[in-house]
Amino acid sequence: MRSYILITLFVASLAQAAWNEHTETREMQLDAGGVRILEIDAGAGSMDVKGVQGVDSIIVNATIVVSDSDEDDAVKLIDSKMKLSLENHGNRAVLVSDFERGMFGSGHDARIDLEITVPAGLALRIDDGSGSIDILDVAADGVIDDGSGSIDVSNVATLVIDEGSGSIDVAEAAGDVSITDGSGSISVRSVGGSVTIDDGSGSIKVNDVEKDLVIVDDGSGSQSFTDIRGAIEQDS
């Protein structure tokens, strides 16, 4: 009987948590004519970026989630604390997606999940607080500075990643790849340039690299290197 009561209470708690979650969706669109790079400044939330051939605009679908709040409080918080914008700055497009600092002490938790479509060939510069990042078919240079969360990238030109913690998976980079990671597994494959990795802890697997592989530092974790057609340099 006690187990049944505990399970019932747990299910009721989950139902209440879902009931208290307020969700809104918003869409933004910007003509990409003359734009060479998309700069993204994001806080908490997932981010999916997909490059599409023939598209001439940047399209952002944002899902805003505020937990532990009734609807009126959530709407007020979104109106007063949320920063969500997509603007043209000459040859740069700038996307801002965040909540003002200091709001989380009020008992609220909020995030903005982003789904972004860009013209293939548009470069990316991402500064992200937390949450998973998935980038597919951008076919251009990418720079990612991320606090925490998994990163999956496929089909880019050159790539630079600086991450605090989280797994990293990179496939099909036409140019050089540079990764600095505090902790988490790293997998890199099918790279047309060189690969440089500076890792605090976690496994490293690298396969199919046209040029050199340089391991600047690897604090701990297993390593696997196959089909490296350039030199392999590793600090001991």
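As a reminder, the structure under discussion sits directly above these lines.
What counts, and at which threshold
- Residues numbered from 1 in each chain as written.
- Predicted model: local features only at pLDDT ≥ 70, side-chain atom pairs only at ≥ 80, totals over all residues.
- Heavy atoms only, no water.
- Helix = DSSP H or I, 4+ residues; strand = E, 2+ residues; numbered from the N terminus.
- Contact = heavy atoms within 4.5 Å.
- Pairing = 2+ DSSP bridges.
- Axes fitted to C-alpha atoms, helices over the stretch in contact; angles between N-to-C directions.
- 1 Å grid on protein atoms, 1.4 Å probe; cavity = no way out; pocket = protein on both sides within 12 Å on 5 of 7 lines; lining within 4 Å.
- Points joined across faces, edges and corners; volume = space filled by probe spheres on them.
- Nonpolar A, V, L, I, M, F, W, Y, C, P; charged D, E, K, R; others polar.
- Buried < 20%, exposed > 50% of the residue type's maximum accessible area, 1.4 Å probe, protein only.
- Polar contact = N/O pair within 3.5 Å; in protein donor to acceptor, adjacent residues only side chain to side chain.
- Core = buried A, V, L, I, M, F, W, Y, C linked by side-chain atoms within 4.5 Å.
- Salt bridge = Lys/Arg side-chain N within 4 Å of Asp/Glu carboxyl O.
- Patch = residues over 30% accessible without salt bridge, like charges linked within 9 Å, V, L, I, M, F, W, Y side chains within 5 Å.
- Areas by Shrake-Rupley, 256 points an atom, 1.4 Å probe, with all protein chains shown as cover.
- Lys, Arg positive; Asp, Glu negative; His and termini not counted.
- Charge placed at Lys NZ, Arg CZ, Asp CG, Glu CD.

## With respect to the environment of Asp128
Within the secondary structure layout, Asp128 lies in strand 8 (residues 123-130). The spacing of Asp128 and Asp145 is 17 residues in sequence and 6.2 Å in space, taken between C-alpha atoms. Ignoring anything within four residues of it in the chain, the contact list for Asp128 reads Ala42, Gly43, Gly45, Met47, Ile133, Asp145, Asp146 and Gly147.

## What about the sheet that holds strand 1 (residues 22-31)?
An order of 1-4-7-3-9-11-13-15-17-19 is seen for the 10 strands of this open sheet, with the pairing classed as mixed. Strands at the two margins of the open sheet, each flanked by one partner only, are strand 1 and strand 19 (223-228). Taken over all neighbouring pairs, the strand axes of this sheet differ in orientation by 5° on average, direction set aside. Of the strand pairs in this sheet, strand 1 and strand 4 (residues 57-67) are connected by 10 bridges, and their pairing is antiparallel. Counterpart to Thr25 in the pairing with strand 4 is Thr63.

## A few points about unusual backbone geometry
Even without being glycine, Ser190 reaches a positive phi, approximately 60°. Looking at the element boundaries, Ser190 is found in strand 15 (residues 186-191). Notably, Asp227 is not glycine yet its phi reads approximately 55°, a positive angle. Residue placement: Asp227 occurs in strand 19.

## Concerning the sheet that holds strand 12 (residues 159-165)
Pairing is mixed in the open sheet, where 10 strands are placed in the order 5-6-2-8-10-12-14-16-18-20. Of all the strands in the sheet, the pair left with one neighbour each is strand 5 (82-89) and strand 20 (232-234). On average, each strand axis in the sheet is inclined to that of its neighbour by 5°, with strand direction left out of account. Pairing analysis gives five bridges linking strand 16 (residues 195-201) to strand 18 (residues 213-218), with the strands arranged parallel.

## Regarding empty space enclosed by the protein
Leftover empty space is mapped by rolling, across the atoms, a probe with the size of a water molecule. Scanning all chains against the criterion turns up one cavity of 30 Å³ or more. Its volume calculated, the largest cavity comes out at about 40 Å³. As for the largest cavity, its lining consists of Leu124, Ile135, Val138, Ala140, Asp141, Gly142, Ile144, Val153, Val156 and Leu159. Secondary-structure elements contributing two or more residues to the lining of the largest cavity are strand 10 (142-148) and strand 11 (151-156). Of the residues that constitute the lining of the largest cavity, the class distribution is eight nonpolar, one polar and one charged.

## Remarks on the side chain of Asp146
When you line up the elements, Asp146 lands in strand 10. Setting aside its immediate chain neighbours within four residues, Asp146 contacts Asp128, Gly129, Ser130, Gly131, Ile133, Ile151, Asp162, Glu163 and Gly164.

## Describing the side chain of Glu39
When you line up the elements, Glu39 lands in strand 2 (residues 37-44). Judged by relative accessible area, which is 16%, Glu39 ranks as buried. Within the structure, the side chain of Glu39 is placed 2.8 Å from the side chain of Arg92, a separation counted as a polar contact. Residues contacting Glu39, with those up to four places away along its chain left out, are Arg92, Ala93, Val94, Leu95 and Arg125.

## Observations concerning the nonpolar core
Counting residues in hydrophobic clusters, the biggest one holds 57 residues, and the most contacted among them are Leu38, Ile58, Ile116 and Ile135. The residues contacting Leu38, other than those within four sequence positions of it, are Ile58, Leu86, Ala93, Val94, Leu95, Ile116, Val118, Leu122, Ala123, Leu124 and Arg125.

## So, the pattern of salt bridges
Counted according to the given criterion, the structure contains nine salt bridges. Here Glu39 makes a salt bridge to Arg92, at a shortest N to O gap of 2.8 Å. Taken together, the positions of Glu39 in strand 2 and Arg92 in strand 6 (residues 92-99) put the pair 53 residues apart, joining distant regions of the chain. Look at Arg92 and you get partly exposed, because its relative accessible area is 30%.

## With respect to a negative patch on the surface
Taken together, the side chains of Asp41, Asp127, Asp145 and Asp162 make up a negatively charged region of the molecular surface. Counting through the fold element by element, Asp127 comes out in strand 8. Given the relative accessible area of 41%, Asp127 is considered partly exposed.

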